[in-house]
Amino acid sequence: MTASSSNAMVQRAAFAASLACLALASAEAQAMSRYTATSLSCDRIQSTIKSEGRTFLSWQSARTNLPLYGIFISNRRECGPDEGTERTYVPSSDKSACLVKKCVPLDLGN
């Protein structure tokens, strides 16, 4: 085996590994549960986020009637390395403001 054919095999293996990682990341994103926040109680929203780790929620804005949405998380481990958590509120079927957490970019003082 020549050095160039060995190098080509390594490149193909690296490419295959990259494709596998992309497929896994895509599958994880598609597997995230989606809910309409106002069809669930606040307790149900919070328990769903806790059990699933991250959940997509959507709802209608009370002011503009436009659709709003977000990904809400159970803890910091669900965020990227350059993100932290922030508490926020979503409407639920029983409360106008249900406490949840979301990932936000870290302020690195730039």
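See above for the structure.
Note that the coordinates shown come from a computational prediction; the quantities given were computed from them, not determined experimentally. (Residues numbered from 1 in each chain as written. Predicted model: local features only at pLDDT ≥ 70, side-chain atom pairs only at ≥ 80, totals over all residues. Heavy atoms only, no water.)

Enquirer: Tell me about the environment of Glu-86, and please be specific about residues and values.
Expert: Mapping Glu-86 onto the fold places it in strand β4 (residues 83-90). As for Glu-86 and Val-104, which are separated by 18 residues in sequence, their C-alpha atoms are 6.5 Å apart. The contacts of Glu-86, once residues within four sequence positions are left out, are Val-100, Lys-101, Lys-102 and Val-104. (Helix = DSSP H or I, 4+ residues; strand = E, 2+ residues; numbered from the N terminus. Contact = heavy atoms within 4.5 Å.)

Enquirer: Residue-level account of the state of the cysteines, with values.
Expert: Considering all chains together, one arrives at two disulfides under this definition. Here Cys-42 connects covalently by a disulfide to Cys-98, the sulfurs 2.2 Å from one another. Judged by the torsion about the S-S bond (85°), the Cys-42/Cys-98 disulfide is right-handed. In this pair, Cys-42 is assigned in helix α2 (residues 42-52) and Cys-98 in strand β5 (residues 98-105), connecting sequence segments 56 residues apart. Residue Cys-42 shares its accessibility class with Cys-98, and that shared class is buried. Across the disulfide from Cys-79 sits Cys-103; the S-S distance is 2.1 Å. Between Cys-79 and Cys-103 the disulfide shows an S-S torsion of about -90°. By sign, it is left-handed. You can see Cys-79 sitting in the loop between β3 (67-73) and β4 and its partner Cys-103 sitting in strand β5, a full 24 residues away along the chain. One exposure class covers both Cys-79 and Cys-103, and it is buried. Regarding the disulfides, the chain carries the connectivity 1-3, 2-4 under sequence-order numbering of its bonded cysteines. (Disulfide = S-S within 2.5 Å. Buried < 20%, exposed > 50% of the residue type's maximum accessible area, 1.4 Å probe, protein only.)

Enquirer: How would you explain α2 if you had to name every residue and give the values?
Expert: If you check which residues of α2 are buried, you get Cys-42, Ile-45, Thr-48 and Ile-49. Projected down its long axis, α2 shows its buried positions confined to an angular sector of 130°, all on one face. Set apart from the buried face of α2 by more than 90 degrees, the exposed residues are Asp-43, Lys-50 and Ser-51. Taken together, the buried residues of α2 touch β1 (34-36), β2 (54-60), β3, β4 and β5. Once α2 ends, the next one or two residues include Gly-53, with phi positive near 90°. (Arc of directions from axis to C-beta.)

Enquirer: Got a sec to walk through the pattern of salt bridges? Specific residues and values, please.
Expert: Charged atoms that come close allow side chains of opposite charge to pair. What the rule picks out here adds up to two salt bridges. One salt bridge in this structure joins Glu-78 and Arg-54, with 3.9 Å as the shortest N-O distance. A residue pair is termed long-range when its members are at least 10 positions apart, and Glu-78 in the loop between β3 and β4 and Arg-54 in strand β2 qualify at 24 residues. With its nearest N and O atoms 3.8 Å apart, the salt bridge here joins Lys-102 to Glu-86. In this pair, Lys-102 is assigned in strand β5 and Glu-86 in strand β4, connecting sequence segments 16 residues apart. With relative accessibility at 27%, the residue Lys-102 sits in the partly exposed group. (Salt bridge = Lys/Arg side-chain N within 4 Å of Asp/Glu carboxyl O.)

These values are about where atoms sit, not about what they do.
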